[in-house]
Amino acid sequence: MPNSRRLSRTPAFWLVAAAMLLLTFAAAAPSPLYVVYQAAWGFSSGTLTVVFAVYAVFLLLALTTVGRLSDFLGRKPLLYGSLLLEAAAMLLFTGADGVGTLLVARAVQGFATGAATGALSAALVDLQPQRSPGLGALINGAASTLGLAVGAFGSGLLVQYGPAPRVLVFALLAAGFLLAAAALSLIPETVERRPGALLALVPRARVPRAARRAFAAASPALIAVWSLGGLYLSLGPSLAVGVLHLHNHLVGGLVVTTMTAGGTLGSLLLRGRPARTALRAGTVALALGVLGTLAALEARDTPLFFVMTAVAGLGFGATFLGALSGIAPLAAPAERAELFAAVYVLSYLAFSAPAVAAGFAAPHLGLLPTTTLYGAAVACLALLALAMTAVTAVTGTARAAKAPSGAVR
């Protein structure tokens, strides 16, 4: 393609950012529909959470295999393929007539999202404006939670007030992905093709020795935030219907939106602060928000529920930011891909497995008791992360005091 038909660096950057926003919008789009599918086809909450979790399993599979291919084949081929696959997943949703189709659609969507995430994240860093060197990292973090927030709200709005509630949102998203794939042909390619693509398909996830102590200290925080995210995206609308008796699907979408929008705000507010500061503030807000949310559910207090969900969301964003900020600098550049793969593995297992367990427990224990146990566990993990942060700070100070003068710290 002639250079005259390619976008310059800044417009190309924002086009890639828009594609990432669309990708995360689609990730949250099915959440308000889960209760609709459940009512139409009569499956259990356990099955509902399996439909939710299969997305995370296939996303993780793609991240740890094809996620690095754009470093060898170029950004654009991976983006074309993954966005076209996303469009195919949306079309599968439009024709869904049972749980089997939903599982296939979520699996295809998860794999496509995982394949696109690495290429989009790298392209944002490649194309970020030279006057804003940190903009790519900021958009990488904020677009994820912002897209989830907008996706849940937009989907809930279309499901409640639009025609063909099980079709319209996915038909629009399919068209959006096709347009995005066509538009991305205008961005410049930032990577030259090189050998090694087959070797890149071998899954790699490892925590470098220098980062192991910090990774262990941050693990409870990572598990807490992504377990909470899994609960809200899978069973959040069910809580609105079954506990708060809010049968409007837009309100069900707002449950997810409130938490994820709070996550975006939390990461923005703590951006640039020391990792320990973000982690401490985040874990406190996370624990308080979760416990307050449980109290609101017990009292059937809808306004308090949304307020405390927002507080938990702030904690989500700040905690995740602090955990990543504390881990990432400890790995050498050649070790970062494997380190982030380990972070992804832990995070997406926490995102999916506890939600599935809650889904199968709910019919036996009840939705509210199950949510109470789940939330209490998340709050305990947040407080454990807070305690481990304090311990590592004290031991780090002690080691620094004992180090010989002039030693590298």
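Residues numbered from 1 in each chain as written. Predicted model: local features only at pLDDT ≥ 70, side-chain atom pairs only at ≥ 80, totals over all residues. Heavy atoms only, no water.

Regarding the overall build of the chain
When its secondary structure is counted, the chain shows 15 helices and zero strands. A globule of 409 residues ought to have a C-alpha radius of gyration of about 22 Å, and the chain, at 21 Å, matches this closely. Looking at the 409 residues of the chain, the share that counts as buried comes to 52%. Put simply, 85% of the contacts in the chain that link residues at least 6 apart link residues at least 24 apart. Counting only carbon and sulfur atoms, one obtains 70% of the accessible surface of the chain, whose full area is about 17000 Å². When the 25 basic and 10 acidic side-chain charges of the chain are each reduced to a single mean position, those positions are 10 Å apart. (Helix = DSSP H or I, 4+ residues; strand = E, 2+ residues; numbered from the N terminus. Rg over C-alpha atoms; globule rule 2.2 N^0.38 Å. Buried < 20%, exposed > 50% of the residue type's maximum accessible area, 1.4 Å probe, protein only. Contact = heavy atoms within 4.5 Å. Areas by Shrake-Rupley, 256 points an atom, 1.4 Å probe, with all protein chains shown as cover. Lys, Arg positive; Asp, Glu negative; His and termini not counted. Charge placed at Lys NZ, Arg CZ, Asp CG, Glu CD.)

Quick notes on the nonpolar core
Considering soluble globular proteins, one finds that nonpolar side chains tend to be buried as a cluster. Counting residues in hydrophobic clusters, the biggest one holds 100 residues, and the most contacted among them are Met90, Phe170, Leu173 and Phe177. With eleven residues, the top contributor of residues to this core is helix H1 (residues 9–28). If we ignore the near neighbours within four places in the chain, the residues touching leucine 173 are Leu22, Phe25, Ala26, Ala29 and Met90. Membership of the second largest hydrophobic core comes to 14 residues, among which are Leu222, Ile327, Ala331 and Val343. (Core = buried A, V, L, I, M, F, W, Y, C linked by side-chain atoms within 4.5 Å.)

Focus on the environment of leucine 304
Mapped onto the elements, leucine 304 comes out in helix H13 (residues 302–327). The partly exposed category is assigned to leucine 304, whose relative accessible area is 32%.

Comments concerning the packing of helix H12 (residues 275–299) against H13
Taken N-terminus to C-terminus, the directions of H12 and H13 make an angle of 155°; their axes are 6 Å apart at the nearest point. By the angle between their axes, H12 is roughly antiparallel relative to H13. Read as a crossing pair, H12 and H13 show a hand that is left-handed. (Axes fitted to C-alpha atoms, helices over the stretch in contact; angles between N-to-C directions. Parallel < 35°, antiparallel > 145°, perpendicular 65-115°, else oblique. Left-handed = near helix turned anticlockwise from the far one by under 90°.)

Topic: the side chain of glutamate 86
Locating glutamate 86 in the fold gives a position in helix H5 (residues 75–94). The side chain of glutamate 86 is buried and forms no salt bridge, while arginine 106, the nearest opposite charge, is found at 8.2 Å. (Salt bridge = Lys/Arg side-chain N within 4 Å of Asp/Glu carboxyl O.)

With respect to unusual backbone geometry
The backbone of alanine 164 shows a phi angle near 45°, a positive value even though the residue is not glycine. Of note, alanine 164 is situated in the loop between helix H7 (135–161) and helix H8 (168–183). Even without glycine at this site, arginine 300 takes up a positive phi of about 55°. The residue arginine 300 is located in the loop between H12 and H13 in this model.

Description of helix H10 (residues 212–242)
The terminal C-alpha atoms of H10, which comprises 31 residues, lie 42 Å apart, in line with the 45 Å expected from a rise of 1.5 Å per residue. Across the 31 residues that make up H10, a large majority, 24, are buried. (Expected span 1.5 Å × (residues − 1).)

Let's talk about the side chain of threonine 389
Relative to the elements of secondary structure, threonine 389 occurs in helix H15 (residues 367–402). Excluding its chain neighbours within four sequence positions, the residues that come into contact with threonine 389 are Arg276, Leu279 and Arg280.

Notes on the environment of alanine 123
Structurally, alanine 123 is set in helix H6 (residues 99–127). Sequence separation between alanine 123 and valine 16 is 107 residues; the distance between their C-alpha atoms is 7.2 Å. Among all residues touching alanine 123, those that are not within four sequence positions of it are Val16 and Arg75.

A look at the packing of aromatic side chains
What the rule picks out here adds up to eleven aromatic pairs. When the centroid spacing of 6.4 Å and the interplanar angle of 35° are considered together, the rings of tyrosine 344 and tyrosine 348 count as tilted. Taken together, the residues span about one helical turn, with tyrosine 344 and tyrosine 348 both in helix H14 (residues 336–365) at a distance of four residues. Put simply, the rings of Phe52, Trp226, Phe316, Phe320, Tyr344, Tyr348 and Phe351 touch in pairs and so form one group of aromatic residues. (Phe/Tyr/Trp six-rings, centres within 6.5 Å; stacked < 30°, edge-to-face > 60°.)

Things to note about the packing of H1 against H6
Two numbers describe a pair of packed helices, the interaxial angle and the distance between the axes. Between H1 and H6, the shortest axis-to-axis distance is 10 Å and the interhelical angle comes to 155°. For the element pair H1 / H6, the angle class is roughly antiparallel. Seen from above, H1 lies across H6 with left-handed handedness. Contacts between H1 and H6 involve Arg9, Ala12, Phe13, Val16, Ala17, Ala19, Met20, Leu23, Ala26 and Ala27 from the first element and Arg106, Gln109, Thr113, Ala116, Thr117, Leu120, Ser121, Ala123, Leu124, Asp126 and Leu127 from the second. Along the lines of polarity and charge, the residues of the contact of H1 with H6 split into 14 nonpolar, four polar and three charged. (Nonpolar A, V, L, I, M, F, W, Y, C, P; charged D, E, K, R; others polar.)

Some words on the confidence of the model for the chain
In the predicted model, the chain carries a mean pLDDT of 85, and the fraction of residues at 70 or more is 91%. Mean pLDDT in the chain bottoms out at helix H9 (residues 197–200), which sits at 72, and peaks at H8, which reaches 95. Segment residues 405–409: pLDDT under 50, and three contacts once partners within four positions in sequence are set aside and those in other chains are kept. (pLDDT = per-residue confidence, 0-100.)

Concerning the environment of proline 165
With respect to the secondary-structure elements, proline 165 resides in the loop between H7 and H8. For proline 165, a relative accessible area of 33% corresponds to the partly exposed category. Separated by 71 residues in sequence, proline 165 and threonine 94 have C-alpha atoms that sit 9.7 Å apart. If near-sequence neighbours (up to four positions away) are discounted, proline 165 is found in contact with Leu33 and Val159.

Structural notes on a nonpolar patch on the surface
Residues Leu21, Leu146 and Val150 make up a contiguous nonpolar surface patch of about 210 Å² in total accessible area. Within the fold, leucine 21 resides in helix H1. (Patch = residues over 30% accessible without salt bridge, like charges linked within 9 Å, V, L, I, M, F, W, Y side chains within 5 Å.)

Some words on H8
Taking 1.5 Å as the rise per residue, H8 with 16 residues should run 22 Å; its terminal C-alpha atoms sit 22 Å apart, in good agreement. Buried within H8 are the following residues: Val169, Phe170, Leu173, Ala174, Gly176, Phe177, Ala180 and Ala181. Buried residues of H8 fall within an arc of 165° about the axis and therefore sit on the same side. Set apart from the buried face of H8 by more than 90 degrees, the exposed residues are Leu172 and Leu179. (Arc of directions from axis to C-beta.)

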